[in-house]
Amino acid sequence: MTGQIAMRVQLSLAGALGGALIWAAIKAAERDWIGQYASLVLFGLLATLFGAILGMAGPLGLAKALPRAAGLALSVAALLALTALRYGDPEDFFAGPIPALAAFTVATMPVPFLIAAEKSGWRAYPSLFLEAWSVVLRFAAAGAFTGLVWLVIYLSDEVLRIVGIDVIRQLVGRDLVVLVLSGAVMGLGMAVIHDLTELLSPYVVLRLFRLFLPVVLAVMAVFLVALPFRGLDGLAGGLSPALLLLTMVAGGIALVSIAVDQTDAEATQSPLLRRCAQGMALVLPLVAGLALWAIWLRVADNGWSPDRVFVMVVAVVGIAYGLIYAAAVLRGGAWMERIRQGNILMSLAVVVLAALWLTPLLNAERISAESQLARFEAGKTPVADLDILALQSWGKPGAAAMAALEALAREPGQEALAARLTGGLPAAGVDRAALAARLAQVMPVQPATATGTREMLLTAAEDYMLDDWQRVCEGDVGSGRAGCLMVVADLLPALPGEEAMLFLRRGVDYVEISGLYLGVDGRIVMRSAARADGGFVGGPEAVALMRQYQDTPPPLTAANLNQLGTGEQGLFILP
């Protein structure tokens, strides 16, 4: 057996074994042979172990890849075990994507360093750069190959079922077969693709990615130039502006790294792309700084949440990258080599931060729960604004905050808090009619004479609707106007009276539009709204439409629809 064939057999067996062990771990958890959290740790151990083996066995060989993969897997398992200090069960761990993302980062980013350490040293940037992109390419191609194999299996099963043979369906209907076969095919694909390294080099893809550099730089430049004229209000709208800016920063970091490549000889030789890389390096700290400011404004207004802690950490990483890149360019000379060395430093920093996220040292749930509890006790958060569902999803720190609130609710004068904790909206002792009346005072209506229909619909609304609408109406999104609008008209001629469209501006660039009318039982009915062509109204279009209707009542016109038949039994073509 040649070395090439032996490697393919070894990786196929390794992938099949990994699939079988993962199946066994799942079954052990289902049958309560091991605890739920122990099953999460075991799953992380197995997935990291065999994923790292497949990623490193090609360039290092199976014998050298195995101990390195085992060390990495044990580290990930230990970090996952530490998360039990903050989560009661695995469902809390997966309540949001960030803990899983942190574990994935710790499991994957060290792989190129482990490969390079064996070849030419863990700080050898050419080896790190090549191995990092090669591992990504191998997994992507092997994943596509695995998907193609399953497509062939599915088509083969369909063909055989025509003549009454369903043996394939019976086999693939077993979870063990699916996992073992997928692992074996993935391992085989990784081995074959590594053998074809010269044909499937990542350089072709990276050369194409370089062409995006001028485009992304132009977008960032236009944004920074237009920002003083547009104003900074859009940055205070929540996580979306900060995340968008940080996504652009991440793209800029990747494009600069691709442009400078592994050495000066491999770097782009185009004067335009080199200047664009330098310009991007100088722009990155500005955009990352704006993202940091945007999330800080959100934290100042609403306190911490795990998502805000995560975005804040990412923003700090983006600023660090930007400062390193900008300093490298401003110092002149070997600016590309300084960027490469900065990439090594920041890659290790990202791994450390991801590991810390899984430890008690950077417990986002604890930070968030303590922040929200402190804001409530200081009177910064009204009873109605307490996000009970969020606290309940923050694991043990959230449970501790809920226990503190429940203890406070038993004290005299905390009847409103007690009602809020039991799901009462509005709080106990508040007259519902008075709440509807207060909402009517802050909810504009068009035409201005349609106050009767507004009061009728508000009176029929559920308690939680009134509470939600009032918060939106009184919210400050930087427009200087109420955050809501009700437009009244006879929108459903088959029903008696008038109906309404309700506009709720829940963010700087997000307006929710709903249709309201009374049902036959006298209760309010809420339906989604759409354009006449069937399209969804969202983003800047919905914001502009709300502003227009706030200034001038819109005309009422007939829809361009006819139907076959009569009444509710008629048929018509949906736009």
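In what follows, the structure referred to is the one given above.
What you are looking at is a predicted structure, and each value in this text was computed from that prediction instead of being measured.

## So, the overall build of the chain
Logical step 1: Each helix and strand in the chain was counted, giving 23 helices and 5 strands.
Logical step 2: Each of the three principal axes of the chain carries a C-alpha extent, and together these read 85 × 70 × 60 Å.
Logical step 3: Taken across its 575 residues, the chain has 42% of its residues classed as buried.
Logical step 4: Residue pairs in contact within the chain that sit at least 24 positions apart in sequence constitute 70% of those at least 6 positions apart.
Logical step 5: Accessible surface for the chain amounts to roughly 29,200 Å². Of this, 66% is attributable to carbon and sulfur atoms.
Logical step 6: If you average the places of the 39 positive and of the 46 negative side-chain charges in the chain, the two averages end up 10 Å apart.

## A few points about the nonpolar core
The nonpolar side chains of a soluble globular protein tend to be buried with one another.
Logical step 1: In terms of nonpolar packing, the biggest core is built from 42 residues, with M280 and Y325 touching the most fellow members.
Logical step 2: Looking at this core, the elements with two or more residues in it are α11 (213-230), α12 (239-260), α13 (271-302), α14 (306-330) and α15 (335-357).
Logical step 3: Among the elements that line this core, the one with the most residues is α13, at 13 residues.
Logical step 4: Ignoring sequence-local partners within four residues, the contact set of Y325 consists of I253, V256, S257, A281, L284, I339 and N343.
Logical step 5: Membership of the second largest hydrophobic core comes to 26 residues, among which are M7, L11, A65 and M190.

## Topic: the pattern of salt bridges
Logical step 1: Applying the stated criterion across every chain, the model contains 18 salt bridges.
Logical step 2: A salt bridge links R8 to D195; the nearest nitrogen and oxygen atoms lie 3.1 Å apart. Placement of R8 in helix α1 (residues 3-30) and of D195 in helix α9 (residues 175-195) is noted, with a sequence separation of 187 residues between them.
Logical step 3: What makes R8 partly exposed here is its relative accessible area of 23%.
Logical step 4: One continuous salt-bridge network, built from bridges that share partners, spans D157, E158, R161 and R169.

## Remarks on the state of the cysteines
Logical step 1: Under the counting rule described, the total for this entry stands at 1 disulfide.
Logical step 2: Between the sulfur of C473 and that of C484 lies a disulfide, 1.9 Å long from S to S. For the disulfide bridge between C473 and C484, the dihedral angle about the S-S bond is near 115 degrees, and by the sign convention the bridge is right-handed. Linking C473 in helix α22 (residues 463-474) with C484 in strand β2 (residues 484-489), this pair joins segments that are 11 residues apart in sequence.

## Focus on the packing of aromatic side chains
Logical step 1: Evaluated as defined, the whole model comprises 8 aromatic pairs.
Logical step 2: Considering the side-chain rings of Y87 and F93, the 5.8 Å spacing of their centres and the 85 degrees angle between planes classify their relative orientation as edge-to-face.
Logical step 3: Take F93: its relative accessible area is 2%, and that puts it in the buried class.
Logical step 4: With a centroid separation of 6.3 Å and an interplanar angle of 70 degrees, the aromatic rings of W296 and W304 are classed as edge-to-face.
Logical step 5: For W304, a relative accessible area of 21% gives the class partly exposed.
Logical step 6: Ring pairs connect the aromatic residues Y87, F93 and F94, which therefore count as one cluster.

## Overview of helix α18 (residues 395-409)
Logical step 1: Between its first and last C-alpha atoms α18 spans 21 Å; for 15 residues at 1.5 Å apiece the expected length is 21 Å, and the two agree.
Logical step 2: All of the buried residues in α18 are G395, P397, G398, A401, M402, L405, L408 and A409. When α18 is viewed along its axis, its buried side chains cluster within an angular range of 150 degrees and face the same direction.
Logical step 3: Each element contacted by the buried residues of α18 is listed here: α4 (90-93), α16 (364-377), α17 (388-392) and α19 (415-421).

## What about the sheet that holds strand β1 (residues 445-446)?
Logical step 1: Pairing within the open sheet is mixed, and its 5 strands lie in the order β1-β2-β3-β4-β5. Each of the sheet's edge strands pairs with one partner strand only, and the pair in question is β1 and β5 (524-528).

## A look at the environment of R274
Logical step 1: Examined against the element boundaries, R274 turns out to sit in helix α13.
Logical step 2: Sequence-wise, R274 and A116 are 158 residues apart; in three dimensions their C-alpha atoms are separated by 27 Å.
Logical step 3: In contact with R274, other than residues within four places in its own chain, are D264, A267, T268, Q269, W335 and M336.

## Things to note about α13
Logical step 1: Between its first and last C-alpha, α13 extends 47 Å over 32 residues, near the 46 Å set by a 1.5 Å rise per residue.
Logical step 2: The sharpest bend along α13 reaches about 30 degrees and sits at V283, with the proline P285 one to four residues further on.
Logical step 3: After α13 finishes, the residue G303 shows a positive phi value of roughly 80 degrees.

## Details of the side chain of D261
Logical step 1: Within the secondary structure, D261 is located in the loop between α12 and α13.
Logical step 2: Excluding residues that lie within four positions of it along the chain, D261 makes contacts with Y125, F129, Y203, R207, R210, E266, A267 and R340.

## A word on unusual backbone geometry
Logical step 1: A cis amide bond links Q446 to the next residue, P447, at an omega of -10 degrees.
Logical step 2: By secondary structure assignment, the location of P447 is in the loop between β1 and α21 (451-460).
Logical step 3: Its identity is not glycine, yet D32 carries a phi of approximately 60 degrees, on the positive side.
Logical step 4: Mapped onto the elements, D32 comes out in the loop between α1 and α2 (36-60).
Logical step 5: At D261, a residue that is not glycine, the phi angle is positive and equals roughly 55 degrees.
Logical step 6: Among the residues examined, D261 registers a relative accessible area of 0% and is labelled buried.

## Topic: the packing of helix α6 (residues 110-119) against helix α7 (residues 125-162)
Logical step 1: One way to put it is that α6 packs onto α7 with a least axis distance of 9 Å and a crossing angle of 130 degrees. As far as their axial angle goes, α7 and α6 are oblique. Note that α6 runs across α7; the crossing there is right-handed. Residue-level contacts link V111, P112, F113, I115, A116 and K119 of α6 to S127, L128, E131, A132 and V135 of α7.
Logical step 2: Residues that form the contact of α6 with α7 fall into these classes: 8 nonpolar, 1 polar and 2 charged.

## Thoughts on the pairing of β2
Logical step 1: Of all 6 residues in β2, 6 are buried; the element is thus mostly enclosed.
Logical step 2: Residues C484, M486 and V488 line one face of β2 and the alternating positions L485, V487 and A489 line the opposite face, and both faces are buried.
Logical step 3: As paired elements, β1 and β2 share 2 bridges and run parallel to each other. Each bridged residue has a counterpart across the sheet, and for V445 the counterpart in β2 is M486.
Logical step 4: Direction of pairing for β2 relative to strand β3 (residues 499-507): antiparallel, over a ladder of 6 bridges. Each residue of the ladder has a partner; that of V488, found in β3, is A500.

## Re the environment of L213
Logical step 1: Along the chain, L213 falls in helix α11.
Logical step 2: Considered as a pair, L213 and L421 are 208 residues apart in the sequence and their alpha carbons are 52 Å apart.
Logical step 3: Among all residues touching L213, those that are not within four sequence positions of it are L255, A259, L273, C276, A277 and M280.

Criteria and cut-off values
- Residues numbered from 1 in each chain as written.
- Predicted model: local features only at pLDDT ≥ 70, side-chain atom pairs only at ≥ 80, totals over all residues.
- Heavy atoms only, no water.
- Helix = DSSP H or I, 4+ residues; strand = E, 2+ residues; numbered from the N terminus.
- Buried < 20%, exposed > 50% of the residue type's maximum accessible area, 1.4 Å probe, protein only.
- Contact = heavy atoms within 4.5 Å.
- Areas by Shrake-Rupley, 256 points an atom, 1.4 Å probe, with all protein chains shown as cover.
- Lys, Arg positive; Asp, Glu negative; His and termini not counted.
- Charge placed at Lys NZ, Arg CZ, Asp CG, Glu CD.
- Core = buried A, V, L, I, M, F, W, Y, C linked by side-chain atoms within 4.5 Å.
- Salt bridge = Lys/Arg side-chain N within 4 Å of Asp/Glu carboxyl O.
- Disulfide = S-S within 2.5 Å.
- Phe/Tyr/Trp six-rings, centres within 6.5 Å; stacked < 30°, edge-to-face > 60°.
- Expected span 1.5 Å × (residues − 1).
- Arc of directions from axis to C-beta.
- Pairing = 2+ DSSP bridges.
- Bend = angle between axes of the 7 residues up to and from the residue.
- Axes fitted to C-alpha atoms, helices over the stretch in contact; angles between N-to-C directions.
- Parallel < 35°, antiparallel > 145°, perpendicular 65-115°, else oblique.
- Left-handed = near helix turned anticlockwise from the far one by under 90°.
- Nonpolar A, V, L, I, M, F, W, Y, C, P; charged D, E, K, R; others polar.

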